[in-house]
Amino acid sequence: MISIRNVVKTYGSGDTAVHAIKNATIEIEKGEIFGVIGFSGAGKSSLIRCVNLLERPTSGSVVINGTDLTKLSQDQLRQARRKIGMIFQHFNLLSSSTVFENVAAPLRLNKTPKEVIRKKVTELLELVGLAHRAQAYPSQLSGGQKQRVAIARALANDPEILLCDEATSALDPQTTESILDLLLDINKKYNLTIMLITHEMHVVKKICDRVAVMEEGGVVETGTVLDIFSRPQQMTTKNFIRSIFDDQLPEGLLDRVHHVPGSRLVRLTFIGESTGHPVLAELTEKFQLKPNILFGHITQIKDTPFGYLVIAINGDSTVLDKAVDYVKQQGIGAEVIEHV
């Protein structure tokens, strides 16, 4: 659905040039929710604005459903943009217009008949839970309600793609949850392809299927959210994951096992159904080990449970090797992180 190929975006020229995007390539499938995450200045906003050519790439191509937008005339681009909705961090609502009028604005620009506008806007306000606020003005709405209006407006032309530019970063945590739930519902109901940028790993964890990590204008890592969480490759990715899922052993933890020669610290990683596997009981029963749980965490990545335990086990090295191999055979990640 979206193919970003070798995109470069440079602002200015010469010694003062700012290289916002450096040779970025991303492929996004129809119907998926794709996240782009990075710290401030990573190039995320520039990249998403290149998708609908609010920013024209310096080089490279942006192909939407088989059409390269960079090669279209202005009239052709205007038509193509009707199938690309966009929501912003600060809502961008018309302050002098009612909720109904804000949602109706893109339909009126397209000279849609009044009766069709009335029906469509009513349906969209029902969808986002604001039918009772149709005649209110933006100044009378909360931040979450304003974003719901912006989402309804973005859906007015029945887009195939929804671009979200830091859509939840101006909202409190509870409101963020409700907006993310709404985006999930819209994705499922309309099979809408959603590309969102964020600096919040929680957003990626809750709703994204795949994610790209950006750093200094480049895409440094791409994969499914589960892959990124379970096997992060880049330090930037690891830092994001630690913001909600700290896998660093608490200071002083090793002191609890240092007095047992031959102990091993093992990190067990559980994904999906393996989270219900009685692996510690099996280590006791099959290998006569006594695992000592030192540290752990479990979370939900979209619809999949994911977590880990750090355990200490001690005994004969041959038995410990067999125990670790057995755990891996059960579909559970097992990494020896320290020999004591």
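In what follows, the structure referred to is the one given above.
Procedures and definitions
Residues numbered from 1 in each chain as written. Predicted model: local features only at pLDDT ≥ 70, side-chain atom pairs only at ≥ 80, totals over all residues. Heavy atoms only, no water. Helix = DSSP H or I, 4+ residues; strand = E, 2+ residues; numbered from the N terminus. Contact = heavy atoms within 4.5 Å. Areas by Shrake-Rupley, 256 points an atom, 1.4 Å probe, with all protein chains shown as cover. Lys, Arg positive; Asp, Glu negative; His and termini not counted. Charge placed at Lys NZ, Arg CZ, Asp CG, Glu CD. Pairing = 2+ DSSP bridges. 1 Å grid on protein atoms, 1.4 Å probe; cavity = no way out; pocket = protein on both sides within 12 Å on 5 of 7 lines; lining within 4 Å. Points joined across faces, edges and corners; volume = space filled by probe spheres on them. Nonpolar A, V, L, I, M, F, W, Y, C, P; charged D, E, K, R; others polar. Phe/Tyr/Trp six-rings, centres within 6.5 Å; stacked < 30°, edge-to-face > 60°. Lys NZ or Arg CZ within 6 Å of the ring centre and 35° of its normal. Axes fitted to C-alpha atoms, helices over the stretch in contact; angles between N-to-C directions. Parallel < 35°, antiparallel > 145°, perpendicular 65-115°, else oblique. Left-handed = near helix turned anticlockwise from the far one by under 90°. Buried < 20%, exposed > 50% of the residue type's maximum accessible area, 1.4 Å probe, protein only. Salt bridge = Lys/Arg side-chain N within 4 Å of Asp/Glu carboxyl O.

A few words now on the overall build of the chain. From N to C terminus, the chain includes 11 helices and 14 strands. Along the longest, intermediate and shortest principal axes, the C-alpha atoms of the chain span 80 × 55 × 35 Å. Sequence-distant contacts in the chain: of pairs separated by 6 or more residues, those separated by 24 or more amount to 69%. By element, 48% of the accessible surface of the chain is carried by carbon and sulfur atoms, the whole surface being about 16400 Å². Taking the 38 positively charged and 38 negatively charged side chains of the chain as two groups, their mean positions are separated by 8 Å.

A separate point is the pairing of strand β12 (residues 292–301). Bridging between β12 and strand β13 (residues 304–314) involves nine bridges; their strand directions are antiparallel. Within β13, the residue paired with Phe-295 across the bridge is Val-310. Connecting β12 to the next strand, β13, in antiparallel fashion are two residues, including Lys-302 with a positive phi near 55°.

Moving on to the sheet that holds strand β4 (residues 59–64). Strand order across the open sheet formed by four strands is β2-β1-β4-β5, with antiparallel pairing between neighbours. The open sheet has two edge strands with one neighbour each: β2 (18–28) and β5 (67–68). Judged from the two bridges that link them, β4 and β5 form a sheet pairing that is antiparallel. Counted as the bridge partner of Val-63 is Asp-68 from β5.

In this approach the atoms are scanned with a rolling probe the size of a water molecule, which exposes any empty space left behind. Applying the stated rule across the entire model yields two cavities of 30 Å³ or more. Considered as a void within the structure, the largest cavity measures approximately 40 Å³ in volume. Around the largest cavity sit Cys-164, Glu-166, Ala-167, Thr-168, Leu-180, Leu-183, Leu-196, Ile-197, Thr-198 and Val-203, which together line it. Put simply, the parts of the chain that give the lining of the largest cavity at least two residues each are α6 (173–190) and β8 (193–198). Here the lining of the largest cavity takes three residues from β8, the largest share from any one element. Per-class residue counts for the lining of the largest cavity are seven nonpolar, two polar and one charged. One number sums up the size of the second largest cavity: a volume of about 40 Å³. Looking at the lining of the second largest cavity, the elements that each hand over two or more residues are β11 (263–271), β13 and α11 (317–329). Ranked by residues supplied to the lining of the second largest cavity, first place goes to α11 with three residues. Here the lining of the second largest cavity is built from residues that sort into nine nonpolar, no polar and no charged.

Using the criterion set out here, one finds four aromatic pairs in the structure. It is Arg-267 that lies over the ring of Tyr-308; its NZ or CZ is 5.9 Å from the centre.

A few words on the packing of helix α10 (residues 279–287) against α11. Across the interface, α10 lies against α11 with an axial gap of 11 Å and an inter-helix angle of 140°. Comparing their axes, α11 and α10 come out oblique. Like other packed secondary-structure pairs, α10 and α11 cross with a definite hand, here right-handed. Across the interface between the two elements, Val-279, Glu-282, Leu-283, Lys-286 and Phe-287 of α10 pack against Val-319, Lys-322, Ala-323, Tyr-326 and Val-327 of α11. Across the contact of α10 with α11, the residue classes tally to seven nonpolar, no polar and three charged.

To continue, consider the side chain of Glu-221. Tracing the sequence through the fold places Glu-221 in strand β10 (residues 218–224). For Glu-221, which is buried and forms no salt bridge, the nearest opposite charge comes from Lys-238, at a distance of 8.1 Å. Here Glu-221 is in contact with Val-211, Ala-212, Val-213, Ile-228, Arg-231, Pro-232, Gln-233, Gln-234 and Thr-237, once residues within four sequence places are set aside.

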